[in-house]
Amino acid sequence: MHWDMFNLQDKKGMKMKKILIIIFLGLFSTLSAFALDGNEILRQVDRNLNPDSFEMYRKLINIEPDGTKKEFVMFSVKKGKDKIASVFLSPASEKGRSTLRIGDNMWLYIPNVGKPIRITSLQSVTGGVFNNSDIMRVDYSAEYNCEKIETIDTGYALYLKAKLKTVAYETVTMFIDSEKLLPYKIECYAASGMLIKNLYFKNIKDFGQGVIRPALIETDSPLYKDYKSYIVFANVKKRDLADEIFTLNYMHKIDGLR
Amino acid sequence: MKHGFILLTAWFMIVSFYGTAVSQNTDDDLIDLDLDFKIEEVEKKPYSIKADIETKETIRFFDRDALLFKQRYLDKKNEATAWQTDLDLTIEGQFQKDFIKLYGRFNGLLYYNDDENFESERKVEEAYISFQPSFSLAIDAGKKVHKWGKGYAFSPSAFFSRPKNLDDPDATLEGYYSLSADYIKSRGGILQTIAITPVLMPVNRDINHEIGPKDEFIWGGKFYFFTLDTDIDLMFLVSDNLNNHFGIDFSKNLTPSLEIHGDAALVKDYHQYIIDEYGNTSKQEDTAFNFLLGLRYLSRQDTTYIFEYYHNGQGYSAREYETYLSLIERGFDQYLNTSSQSLISQSKTMSAYYNQQAAMRDYLYLKVSQKDPFDILYFVPAITVVYNMEDQSASITPQLTYSPLTNLTVDLKTGFLIGKNKTEYGEKINNAKVVLSIKYYF
């Protein structure tokens, strides 16, 4: 009996120990995950923002301080982490222009010019607050490493640093809704630490096929005071895409994919 | 000239009226910012049409002492300036059904100047059918522009296209009739993309007769490689009657804001026609080597610099060019003294070679453009300099481009030619030019 009691107490103690170890390990692993998983969260955010291979329509709207508005409509296809190709559908002055990005390489095809030319991430094919990097956005995880993650009232703040110097913004702070794992604000900084622009992700919409993401990105910039820019997303659809689409020779045929 | 003013004024009024209408619509739209996620363009039609109409007023300021002015007009032109008004319409359309695409671009030009009064030109710039059975393969037949090479202002390896206009390198070109294909293979690894573009081009009295005097099929091809973040092309052209051409080009971003490109071509057994100051012509045969090296740089202040050095192995040396100008000088003296135009006429037989753009051997090209200065969106001032390294003459072109409304572009370009006597730019017909153009896209 005593032995049994002892045994029982011992068993209880062991059980308690096990529970404590599990709780400790659980806590430890959670903390470790917190410390390590900024990049995993970033990858998840990328997948939630768009499928691995998909097509979409976007309307870019630039609004000047005097209220003048310029709109551009683009059809885009994206595959993998770092390949995106687009064609302008309107306005008429831009129609047929297409862009291609493979990693850090960007090209612009202008029908008049008749051949692709290399462009850089900080240029802007549309003018206004959006630059080429915003318009030809590849996965954030392809360009950035998460250096620090913080838990804030509304979710997480990921502090991202560019993997290469070729990236448009040296550091980015991404504020994430922890439930949906989608960003609601991104601050983009230059190497000097100067804030270049803010991106606000709004209007979460179900596009079907499990794609639930913000349908609107609003931008402002201290460099363009009183200017506003918006990107409206439509028809975001999963689609299998051949690698050959993401080549210079295919740039003038992107419209044919619609 | 009066007609030109009337045409320009009428057009300006139409554009202004339309511009006001567009502007008012824009303001109305702003009240209810269109963020309802409806994008009309999502509904694709099998056909699409777009067009642009441009009116242009050009004023040329003659250099009456220039030798090319004397070659062209002798002493028969008293005006110090020439005005020309252009009305230019380009319509582009395409129709696509499954794997077949039809494409056409047509241009009509109506112009007025004092010498010719009203004249018009019409041309089919491109018209072809394209079969695209897969993402990897396309076969095109018809009139098409094949723009090869990486140069911005110069294109030594553009074997199957007409020369670019150095005043406006981005301008649309007219194509040639050809049968061509495009085979693309993309894969992982170091060599990410390979593309092969064979071209077959008939030359006869009915089509492509500008290329050569004899009936034949010329053929060639381009091999494109994308590897190590670098674009590389190998090109060739083979002909029984023309010169065989071999070329290579490359383009790469050295940093996010700095791109480097190069373009080189060998022209086998090139015949160069030379004239001496007495009007005697001779032919030299040699293999010409043409090349360019260029940079494109974007500064933190959004200033874009495009710089190119171009060596034209088919061009004339400073001495050869000066000899040609001496012939014109002697010819003009001959005309003044004897009324004979024989030497001037002899010089004119070679003008197609000597008077063409970049006729000499070594050039520097620099274009500096500033995006949105003074917080004015869609405003781009620029300056372009073409410098002839052999005779130190130059063309300097300041330019202002503004797009105040969607689909409307206003462009003011002035050109100044600078050079001593008997230099390329110093002896051009004009010493300055002003061009105002308004273009509307619809």
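Residues numbered from 1 in each chain as written. Chains lettered and ligands numbered in written order. Predicted model: local features only at pLDDT ≥ 70, side-chain atom pairs only at ≥ 80, totals over all residues.

1. Observations regarding the overall build of chain B
- If you tally the helices and strands in chain B, you get five helices and 18 strands.
- Here chain B has a C-alpha radius of gyration of 24 Å; the compact-globule value for 442 residues is 22 Å, and the two agree.
- Overall size of chain B, expressed as C-alpha extent along the three principal axes, is 80 × 55 × 50 Å.
- The 442 residues of chain B split such that 32% are buried.
- Restricting the contact set of chain B to residue pairs at least 6 apart, pairs at least 24 apart contribute 55%. (Helix = DSSP H or I, 4+ residues; strand = E, 2+ residues; numbered from the N terminus. Rg over C-alpha atoms; globule rule 2.2 N^0.38 Å. Buried ≥ 20, exposed ≤ 12 C-beta atoms within 10 Å, placed from the backbone. Contact = placed C-beta atoms within 7 Å.)

2. Description of the overall build of chain A
- Along its length, chain A carries four helices and 13 strands.
- A buried classification covers 41% of the 258 residues belonging to chain A.
- Here the analysis covers contacts within chain A between residues at least 6 apart in sequence; of these, 43% occur between residues at least 24 apart.

3. Side note on the environment of Ser369(B)
All names here are of chain B.
- Along the polypeptide, Ser 369 turns up in strand 14 (residues 362-370).
- The class of Ser 369 is partly exposed, set by 17 C-beta atoms lying within 10 Å.
- It is 9.6 Å that separates the C-alpha atoms of Ser 369 and Leu 298, two residues lying 71 residues apart in sequence.

4. Things to note about the interface of chain B and chain A
- Across the contact, 47 residues belong to chain B and 46 residues belong to chain A.
- If you list the elements that add at least two residues to the side of chain B that touches chain A, you get helix 1 (2-31), strand 6 (176-186), strand 7 (191-203) and strand 10 (245-255) of chain B.
- When residues of the side of chain B that touches chain A are assigned to their parent elements, the largest contribution, four residues, is made by helix 1 of chain B.

5. Topic: the packing of helix 3 (residues 318-338) of chain B against helix 4 (residues 342-349) of chain B
Residue and element names in this part refer to chain B.
- At their nearest, the axes of helix 3 and helix 4 sit 7 Å apart, and the two run at 150° to each other. One way to sum up the angle between helix 3 and helix 4 is to call them roughly antiparallel. Judged by the sense of rotation from one axis to the other, the crossing of helix 3 with helix 4 is left-handed. When helix 3 is examined against helix 4, the residues Tyr 324, Leu 327, Ile 328, Arg 330, Gly 331, Phe 332, Gln 334 and Tyr 335 are found in contact with a partner set consisting of Leu 343, Ile 344 and Ser 347.
- Taken together, the residues of the contact of helix 3 with helix 4 sort by class into seven nonpolar, three polar and one charged. (Axes fitted to C-alpha atoms, helices over the stretch in contact; angles between N-to-C directions. Parallel < 35°, antiparallel > 145°, perpendicular 65-115°, else oblique. Left-handed = near helix turned anticlockwise from the far one by under 90°. Nonpolar A, V, L, I, M, F, W, Y, C, P; charged D, E, K, R; others polar.)

6. Quick notes on the nonpolar core
- Core analysis: the largest hydrophobic core is formed by 66 residues, its most contacted members being Met74(A) and Leu158(A).
- Sequence-distant contacts of Met74(A), that is, excluding residues within four places in its chain, are made with Arg58(A), Leu60(A), Ser86(A), Val87(A), Phe88(A) and Leu89(A).
- In terms of nonpolar packing, the next biggest core, distinct from the first, is built from 18 residues, Leu67(B), Phe69(B), Ile275(B) and Met360(B) among them. (Core = buried A, V, L, I, M, F, W, Y, C linked by C-beta atoms within 7 Å.)

7. Notes on helix 4 of chain B
All names here are of chain B.
- Of the positions making up helix 4, those classed as buried are Leu 343, Ile 344 and Ser 347. Along helix 4, the residues classed as buried sweep out an arc of 100° about the axis, all on the same side. Seen from the buried face of helix 4, the exposed residues on the opposite side, beyond 90 degrees, are Ser 342 and Thr 349.
- Check the buried side of helix 4 and you find it contacts helix 2 (67-73), strand 11 (258-275), helix 3 and helix 5 (351-354). (Arc of directions from axis to C-beta.)

8. Observations regarding the confidence of the model for chain B
All names here are of chain B.
- Looking at chain B as a whole, its pLDDT mean stands at 90, while 92% of the residues score no less than 70.
- In this model, residues 1-32 is a region of pLDDT below 50 whose contacts with residues beyond four sequence positions or in other chains number 32 contacts.
- If you check the scores for this complex, the pTM reads 0.86 and the ipTM reads 0.86. (pLDDT = per-residue confidence, 0-100.)

9. Quick word on the environment of Ile275(B)
All names here are of chain B.
- Considering the arrangement of structural elements, one finds Ile 275 in strand 11.
- C-alpha separation for the pair Ile 275 and Lys 222, spaced 53 residues apart in sequence, amounts to 36 Å.
- Sequence-distant contacts of Ile 275, that is, excluding residues within four places in its chain, are made with Asn 280, Thr 281, Tyr 324, Leu 327, Ser 347 and Met 350.

10. Digging into helix 2 (residues 38-49) of chain A
Residue and element names in this part refer to chain A.
- In this model, helix 2 (12 residues) spans 16 Å end to end at C-alpha, consistent with the 16 Å of a helix rising 1.5 Å per residue.
- Along helix 2, the residues classified as buried are Gly 38, Ile 41, Leu 42 and Val 45. Down the axis of helix 2, the sector holding all buried residues measures 100°, keeping them to one side. In helix 2, the exposed positions that point more than 90 degrees away from the buried face belong to Glu 40 and Arg 47.
- Close packing links the buried residues of helix 2 with helix 4 (140-143), strand 7 (144-152), strand 8 (155-162), strand 9 (171-177) and strand 10 (182-189). (Expected span 1.5 Å × (residues − 1).)

11. Some remarks on the confidence of the model for chain A
Residues and elements named next belong to chain A.
- In this model, chain A carries an average pLDDT of 85, and 86% of its residues clear a pLDDT of 70 or more.
- Note on residues 1-8: pLDDT under 50 across the span, and zero contacts to partners over four residues away in sequence or across chains.
- Residue range residues 21-35 is modelled with pLDDT below 50. Its contacts to residues more than four positions away, or to other chains, number one contact.

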